[in-house]
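# Remarks on the overall topology
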Amino acid sequence: MPAWLPRAMVLALALYACYRLGSWAFDQLIGLLINVLIAFFLALAIEPAVSRMSARGMRRGLATFLVFLAVLIAGVGFVVLLGSMLAGQIVDMVEEFPKYLDSVINWVNQTFHTDLSRVEVQDSLLHSDWLQKYVQNSATGVLDISTTVLGGLFRLLTIFLFSFYFAADGPRLRRALCSVLPPARQAEVLRAWEIAVDKTGGYLYSRGLMALISGIAHYVLLVILGVPYAPALAVWVGLVSQFIPTIGTYLAGALPMLIAFTVDPWYAVWVLGFVVVYQQFENYALQPKLTSKTVDIHPAVAFGSVIAGTALMGAVGALIAIPAVATLQAFLGAYVKRYDVTDDPRMHGRGRRRGEPVLTRLRRSWRASGSDEGYGSEGGQGAVGEPEVPGRA
């Protein structure tokens, strides 16, 4: 046996053990890492407001606290307003349920020529097996729901705590990160940080603008239908549809449908149809245009980044995919060397002239770019070689 073989085997086993240990640790900490990532982007979003207040002489920690307090007050007020409205509507629906059931039964009897009665329908529903199983499962799932709610509150508290420290100690964090890097790398890190702040703010601006448009569109519909609490419902639809990815629009549309059902069951169908149509308009027309303007990426790239983020990290990935891709694209754009484009008709979506030789077309394009030297001459490359297109600084 060679003398190096035992040491190589021990080294290979040690590396494999380190890999397994690192993989196990990553699986255990993936939830914490995602929370830290969300907190970092949240800190980037409030960084402009905190920096502006700090520049006016306010302590950075106090400025961060005031920003978070304003967000918390707005969120709690919104939840309380919707909660009181929803509770009142649920009470009204329970009281008016027999009338709704009678109207539905009468419509069924007139349309399909049946002879149903409300008493028979209620007895069949109350004594059905699926209702009893649903009640039993709901009773046993109360503990699971409570655990999920507590876990969500703890996760939310963790995110806000990390984001508070990231925003309040942003300059100290940047100094600590740059202290281990040479000066050239420090400038790149600071530039990347600034780009991330701009792109994240632009993304939130686009989301806020789409929330405003969505709220106005749904408000007009609810006012036309005569649905109560139209302003609060419009704000609900605008915020939930934009800041909960993928299913946000349908989740937001459930509440207006419920309230519209209390006015007229057919109004709920109109609201559902409008939600579906508006979702298609937003996905294919509104969102790509606004997102590409605010975060400066192509609509197809924005749409693809959301799909990729959802596949990798779920709803969190969909929410932060666009600002992350926009930041990476803007940062790498400064290090990609670009060249002048030749004056070729195909660059403008037109084909070459019919009957024109390829050699003549290449000569004309190279003359336009100022690089006809050496082509076709005795010491040049002839018709085989292709001279380089001159670059720009």
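In this report, the structure presented in the accompanying data block is examined. (Residues numbered from 1 in each chain as written. Predicted model: local features only at pLDDT ≥ 70, side-chain atom pairs only at ≥ 80, totals over all residues. Heavy atoms only, no water.)

## Looking at the packing of helix 7 (residues 183-225) against helix 8 (residues 230-243)
Interaxial distance between helix 7 and helix 8 falls to 7 Å at its minimum, and their mutual angle equals 145 degrees. Here helix 7 and helix 8 pass one another in a crossing that is right-handed. Taken together, the residues of helix 8 that come into contact with helix 7 (itself represented by Leu-204, Arg-207, Gly-208, Met-210, Ala-211, Ser-214, Gly-215, His-218, Tyr-219, Leu-222 and Val-223) are Ala-230, Pro-231, Leu-233, Ala-234, Val-237, Gly-238, Leu-239, Ser-241, Gln-242 and Phe-243. (Axes fitted to C-alpha atoms, helices over the stretch in contact; angles between N-to-C directions. Helix = DSSP H or I, 4+ residues; strand = E, 2+ residues; numbered from the N terminus. Left-handed = near helix turned anticlockwise from the far one by under 90°. Contact = heavy atoms within 4.5 Å.)

## Regarding a nonpolar patch on the surface
Where nonpolar side chains cluster on the molecular surface, the patch consists of Leu-62, Phe-65, Leu-66, Leu-69, Leu-72, Ile-73, Val-76 and Val-80 and spans about 720 Å² of accessible area. Tracing the chain through its elements places Leu-69 in helix 2 (residues 60-112). (Patch = residues over 30% accessible without salt bridge, like charges linked within 9 Å, V, L, I, M, F, W, Y side chains within 5 Å. Areas by Shrake-Rupley, 256 points an atom, 1.4 Å probe, with all protein chains shown as cover. Salt bridge = Lys/Arg side-chain N within 4 Å of Asp/Glu carboxyl O.)

## Looking at the packing of aromatic side chains
Counted according to the given criterion, the structure contains 11 aromatic pairs. Considering the side-chain rings of Phe-40 and Phe-41, the 6.1 Å spacing of their centres and the 80 degrees angle between planes classify their relative orientation as edge-to-face. Relative accessible area serves as the criterion here: at 14%, Phe-41 is assigned to the buried category. Relative to Trp-193, the ring of Phe-40 lies with its centre 5.6 Å away and its plane at 85 degrees, an arrangement referred to as edge-to-face. You can see Phe-40 sitting in helix 1 (residues 4-55) and its partner Trp-193 sitting in helix 7, a full 153 residues away along the chain. Classification of Trp-193 by relative accessible area gives buried; the value is 14%. (Phe/Tyr/Trp six-rings, centres within 6.5 Å; stacked < 30°, edge-to-face > 60°. Buried < 20%, exposed > 50% of the residue type's maximum accessible area, 1.4 Å probe, protein only.)

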